[in-house]
Number of protein chains: 2
Amino acid sequence: MGGDHGPVVVVPAVARALERLQGRKVRFILHGDEKRLKAALARVPAAAEASEVRHTDLVIAMDEKPAQALRRSKGTSLWNAVECVKTGEAQAAVSAGNTGALMAVSKLILRMAAPGLDRPAIVASWPTLKGVTAVLDVGANVSSDARQLIEFAIMGEAFHRAVHGVKKPTIGLLNIGAEEVKGHDEVREAAQLIREGGFGLNYHGFVEGDDIAKGTVDVVVTDGFTGNIALKTAEGTARFVAALLKDALTSDLQAKLGAAIAYPALKKMRARIDPSSVNGGPLLGLNGLVVKSHGGADAKGFANALKIAADLAASNYASEISQKMQTLTAMMDEAKVSKAEVQA
Amino acid sequence: MGGDHGPVVVVPAVARALERLQGRKVRFILHGDEKRLKAALARVPAAAEASEVRHTDLVIAMDEKPAQALRRSKGTSLWNAVECVKTGEAQAAVSAGNTGALMAVSKLILRMAAPGLDRPAIVASWPTLKGVTAVLDVGANVSSDARQLIEFAIMGEAFHRAVHGVKKPTIGLLNIGAEEVKGHDEVREAAQLIREGGFGLNYHGFVEGDDIAKGTVDVVVTDGFTGNIALKTAEGTARFVAALLKDALTSDLQAKLGAAIAYPALKKMRARIDPSSVNGGPLLGLNGLVVKSHGGADAKGFANALKIAADLAASNYASEISQKMQTLTAMMDEAKVSKAEVQA
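Note that the coordinates shown come from a computational prediction; the quantities given were computed from them, not determined experimentally. Residues take numbers from 1 onward in each chain, read along the sequence in its written order. Written order determines the labels here, with chains lettered from A and ligands numbered from 1. Given that the model is predicted, a residue must reach a pLDDT of at least 70 before its local features are reported, and side-chain atom pairs must reach 80 or more before they are shown or counted; all residues, however, enter totals for whole chains, interfaces and linings. Only heavy atoms go into the side-chain values, all of them from the structure, while hydrogens and water stay out.

### A look at the nonpolar core
Throughout this description, the term nonpolar core refers to a set of buried Ala, Val, Leu, Ile, Met, Phe, Trp, Tyr and Cys residues connected via side-chain atoms within 4.5 Å. The classification of residues rests on relative accessible area computed with a 1.4 Å probe and restricted to protein chains. Under 20% of the type maximum is buried, over 50% is exposed, and intermediate values are partly exposed. In this structure, L173(A), V221(A) and Y317(A) are the most contacted members of the largest nonpolar core, which totals 76 residues. Contacts are assigned to residue pairs with any non-hydrogen atoms lying within 4.5 Å of each other. Apart from residues no more than four positions distant in its own chain, L173(A) is found in contact with L149(A), V187(A), A190(A), A191(A), I194(A), Y203(A), G205(A), F206(A), V207(A) and V221(A). Counting 75 residues, the second-largest nonpolar core is a separate cluster that includes L117(B), F159(B), L173(B) and L328(B).

The following block contains the structure:
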């Protein structure tokens, strides 16, 4: 029921996802208003065949405050979808609903898997000159210590491998310079621990803001504050340049003529930065898989989020993460012991 | 002598700046190799008339490590330029040289004016849909407490008024959401203090990453870590979009034809995001005025940095800042006293 459009986007997206997942036996449980869902399914037989409807009257509105939504969330379509992951009936929940409510409900039902994490980390798939880079956290954890940054690295790496099929994704820590002496304590400590630790990560080193769009590494790790601001600054910049371009190409008759002739090429360019082709960010760090779709996503975009969920569910992603998290915990405990010894 | 080009850019820039400063009696002291400077001046009589040359053999290279450069900086062209500000012979120093060295030398010679500042803050003039927004700090102070953020707000406001002639520039604190409950402690504390304090600032509230390019406020305040990453992320995004556009418009004959017809409009668009039109970032927080030009700036860009220096030197900028800084110090002292009282 979530997102700006609800069933009229979600149901066609199921059919599109099935096409893209060709041959893989994926089934869908659609939570929400039975009447609306069945009406939408009647128009898309391929989706109807692979789906089952679970009725509920209750929905969380897109603009509800998360704390308020949480109090009355039980039995809503969002709650029921996440609950199915908890019971094992579903391998993943995908929602285009209220982000804050999805985070709060997911955390309440599934609980955090890693000790230091305050809230689930969100991954953004960022279009770059070389393809797609995963950037995390982009807005959940306001400040992150070295341990959390390493957790992001571990989770981001497993995500990128599962979804993009890169065997050994390269990892960069976002910083204000490439030199080891730069940056604040947390990021420098994280870099040292990753180098020392036995995580088997393909660590590249520090990267700077402009390295994201260059595609210098496959996974960019940063705290939620910096990541959120970087993401929104990039979106703002892209919109700014697009607005200037539109202004320029409609400024006079000659420009309009040129734009009309170049239209097919400009359209192809638009497709390369189409947000629907990278839609779908998993909430990482939970005991279970939850994928957030953009609220405004169209059927193509929501299908992409479904595909990401299916790819993650079919991968070794969860066991890879839990194994590396154990290494991390052991390492942090050891560091604590040796620190205590030094002090004693 | 600084920058990628040295006198062949600096000398023509002097003539351009004089044109833009028409009527204002500005004089220039050019520090560096006398032969090269005089040769360049011989070709630009307008610049020669307003300039005097101070010879030195010593220069700091663009790629020298700041710490190393600092040790042997005395008597270099960079040192001598900043020294002239200290002695009062010049009202401002402008350099396209090594940024780290310029910061270190300026700090050593002029000293920081504000108690909490570790290093000078750098302002970026950011092209937006509405004009130009000042963003600071963009890369000097790695972590900033609430007091430093307020100092940035005070300095950025005075800068924007002096250079862009806006009487009451609006100020936003960069955060991950517009609500008061969001963000980390430093940014929330700064917001509260600005609201309470008698700084006479036109405070707008929190802004997000995409508000920068929208031009939501005149001055965006943030710590040097986040500011640097936001700036470089925006540069990377703009280059990414430009690369895609170039790719698209050269992809086939039809696209090339369209681009050729739309060329005048595209050229005008380019001018709107021309970095030379916003070149020149003052190092704020020093006892004296130092303006950093981009190393790769052309004569037009370097002239812009000279114009900024002249505008700041002719304004009430310094006294405005020192007055508000006194208010801030009094307020912080009071807060300490009442805190101590509570504890007692």
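Alright, that's what it looks like, and here's the rest.
### Digging into unusual backbone geometry
The omega torsion of the bond from L136(A) to D137(A) falls at 0°, within 30 degrees of zero and hence cis. Relative to the helices and strands, D137(A) is located in the loop between β6 (131-136) and α7 (146-164). Positive phi values are uncommon outside glycine, yet R111(B) reaches one of about 70°. You can see R111(B) is positioned in the loop between α6 (99-110) and β4 (121-122). Numbering of helices and strands starts at the N terminus; helices are DSSP runs of H or I of at least 4 residues and strands are runs of E of at least 2.

### Quick look at the sheet that holds strand β4 (residues 121-122) of chain A
Backbone-to-backbone hydrogen bonds join strands into a sheet, with any given pair of strands oriented parallel or antiparallel. All names here are of chain A. Any two strands with at least two DSSP bridges between them are considered paired. Pairing in this open sheet of four strands is mixed, and the strands run β3-β11-β10-β4 from one edge to the other. Of all the strands in the sheet, the pair left with one neighbour each is β3 (92-95) and β4. With two bridges connecting them, β4 and strand β10 (residues 281-284) associate as antiparallel partners. Residue pairing in the sheet places A121 in a bridge with L284 of β10. Every axis in this analysis is a line fitted to C-alpha atoms, fitted for helices over the stretch in contact. Angles between the N-to-C directions lie between 0 and 180 degrees. Taken strand by strand, helix α13 (residues 299-314) contacts β3, β10 and β11 (289-292), and its axis lies near 165° from that of β3.

### Concerning the environment of N202(A)
Residue and element names in this part refer to chain A. Structurally, N202 is set in strand β8 (residues 202-207). A sequence separation of 33 residues divides N202 from P169, and the C-alpha atoms of the two residues are 6.4 Å apart. Each residue touching N202, except ones within four places of it in the same chain, is listed here: K168, P169, T170 and I171. Counted as a polar contact is a pair of N or O atoms within 3.5 Å, where, for protein atoms, one must be capable of donating a hydrogen and the other of accepting one, and residues adjacent in sequence contribute only when both atoms are in side chains. A distance of 3.0 Å separates a polar atom in the side chain of N202 from the backbone oxygen of K168.

### Regarding the interface of chain B and chain A
In this assembly, 53 residues from chain B lie in contact with 53 residues from chain A. Both sides together, the interface formed by chain B and chain A hides about 4600 Å², and carbon and sulfur atoms give 76% of it. By the criterion of area lost to chain A, the three top residues of chain B are I176(B), F225(B) and F240(B), representing 14% of everything that side buries. Every case where a carboxyl oxygen of Asp or Glu lies within 4 Å of a side-chain nitrogen of Lys or Arg is listed as a salt bridge. Summed over the shared surface of chain B and chain A, the result is four salt bridges. The partner of R239(A) in a salt bridge is D210(B), with the nearest N and O atoms 4.0 Å apart. Linking chain B with chain A are six residue pairs in polar contact (both at pLDDT 80 or more). Within the residue set of the side of chain B that touches chain A, elements represented by two or more residues are β5 (124-128), α9 (209-214), α10 (224-249), α11 (253-261) and α12 (263-272) of chain B. Buried area: the accessible area, evaluated with a 1.4 Å probe, that two parts lose upon being put together, summed over both parts.

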